[in-house]
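# Structural description and commentary
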Amino acid sequence: MQRAAKIHLFQRAMITYWQQNGRHELPWRKTTSAWNILLAEVLLRKTTSAQAAAVYESLAPYSPAEIVGMDQAALAGLLQPLGIHQVRAKQLQQIAQAVIDSGGTVLESDAALRALPGVGRYISNSVRCCAFGVPAPAMDTNLIRVMNRVFGWTSHRKRPREDRKLWQCAEALVPDDMPREFNWGMLDFAAAICTQRKPKCEQCPINEICTYYAANRQVQALEMAE
Ligand code: SF4
């Protein structure tokens, strides 16, 4: 199958996965506020979405000015269930201050977002995609795994998340229409179906186009023939 056709099928499958099975209940998926999405991403680092959701609900009503005005120890107390709470509290206040100082424009620029403490390409892309519909990939370890299995794309870098070429591959996957739904579908699909251990290949909607699945089927066929 041609690469473009395979990418198209993959895009549609991820969007359909979102529509039919996506975690629509996650609170940061119900907003297009760039500040709230950035807040969620800061909370989601090194923790689960279930843990982050409760803390998000308690902090989402606060504006950046109100976050800056909070006593840092009290803010760290609210963040405690997520771990690294003192670092998180300090960074969150620094980020909120930068949002205020820029009049909010920092939230629209990739370079400005990535200059914020603790914010890398993944968070910048996630904010710009979910808030403004920019077709930017949410390339984390999950997407890296799925890209490797479906397309055979891989990185020889020690830290694949910093591989410029892999980011270019990921960029080629995000459709111009419905990029949010694509990214959300991808994340949920990777978490529930194309899991790191024991992927659910038999019930996978894209097994017909998956390189990993085809290779496994070939091995099984050879084993049966022996
Ligand atoms: Fe992942 Fe298996 Fe689906 Fe391939 S067929 S994408 S390995 S779950």
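One can find the structure itself at the top, above this paragraph.
Because the structure is a prediction, the values reported are computed rather than measured.

Each value, and the rule that gives it
Residues numbered from 1 in each chain as written. Predicted model: local features only at pLDDT ≥ 70, side-chain atom pairs only at ≥ 80, totals over all residues. Heavy atoms only, no water. 1 Å grid on protein atoms, 1.4 Å probe; cavity = no way out; pocket = protein on both sides within 12 Å on 5 of 7 lines; lining within 4 Å. Points joined across faces, edges and corners; volume = space filled by probe spheres on them. Helix = DSSP H or I, 4+ residues; strand = E, 2+ residues; numbered from the N terminus. Nonpolar A, V, L, I, M, F, W, Y, C, P; charged D, E, K, R; others polar. Near = heavy atom within 4 Å. Sits in = over half its atoms within 2 Å of the grid points. Buried < 20%, exposed > 50% of the residue type's maximum accessible area, 1.4 Å probe, protein only. Salt bridge = Lys/Arg side-chain N within 4 Å of Asp/Glu carboxyl O. Axes fitted to C-alpha atoms, helices over the stretch in contact; angles between N-to-C directions. Parallel < 35°, antiparallel > 145°, perpendicular 65-115°, else oblique. Contact = heavy atoms within 4.5 Å. Core = buried A, V, L, I, M, F, W, Y, C linked by side-chain atoms within 4.5 Å.

Summed over all chains, the structure comprises one cavity of 30 Å³ or more. Volume-wise, the largest cavity comes out at about 100 Å³. Taken together, 14 residues form the lining of the largest cavity, with F189, C194, C201, C204 and C210 sitting closest to its centre. Taken together, the elements giving at least two residues each to the lining of the largest cavity come down to α9 (141–151) and α12 (211–225). In terms of residue class, the lining of the largest cavity is made up of eleven nonpolar, one polar and two charged.

This next bit is on the site of the ligand. The full set close to the ligand counts 13 residues, and C194, C201, C204, C210 and Y212 are the nearest of them. According to the grid-proximity analysis, the pocket containing the ligand is the largest cavity. Counting residues per element, the ones that place at least two in the shell around the ligand are α9 and α12. Residues that form the shell around the ligand fall into these classes: eleven nonpolar, one polar and one charged.

The residue M178 is not glycine, and still its phi comes out positive at about 60 degrees. You can see M178 is positioned in the loop between α10 (164–173) and α11 (179–192). The phi angle at K198 is positive, at roughly 50 degrees, despite the residue not being glycine. By secondary structure assignment, the location of K198 is in the loop between α11 and α12. For K198, a relative accessible area of 74% puts it in the exposed group.

Our next topic: the pattern of salt bridges. The full count for this structure, using the stated rule, is six salt bridges. Residue R12 pairs with D177 through a salt bridge whose shortest N-O separation is 3.2 Å. You can see R12 sitting in helix α1 (residues 3–21) and its partner D177 sitting in the loop between α10 and α11, a full 165 residues away along the chain. In this structure, R128 and D110 form a salt bridge, with 3.6 Å as the shortest nitrogen-oxygen distance. In this pair, R128 sits in helix α8 (residues 121–132) while D110 sits in helix α7 (residues 110–114), placing the two residues 18 residues apart along the sequence.

At a closest axis distance of 11 Å, the pairing of α9 and α10 adopts a crossing angle of 75 degrees. Between α9 and α10, the crossing angle belongs to the class labelled roughly perpendicular. For the pair α9 and α10, the contacting residues are L143, I144, M147 and F151 in the first and L166, C169, A170 and L173 in the second.

Another point: the nonpolar core. By size, the foremost hydrophobic cluster in this structure holds 42 residues, and its most contacted members are L38, L43 and L59. Contributions of two or more residues to this core are made by α2 (34–44), α3 (49–59), α5 (72–79), α6 (85–101), α8 and α11. The element that contributes the greatest number of residues to this core is α2, accounting for nine residues. Excluding residues within four positions of it along the chain, L59 makes contact with L39, L43, I67, M70, L75, L78, L79 and L92. One finds F10, M139, I144 and F151 within the second-largest nonpolar core, a separate group that totals 32 residues.

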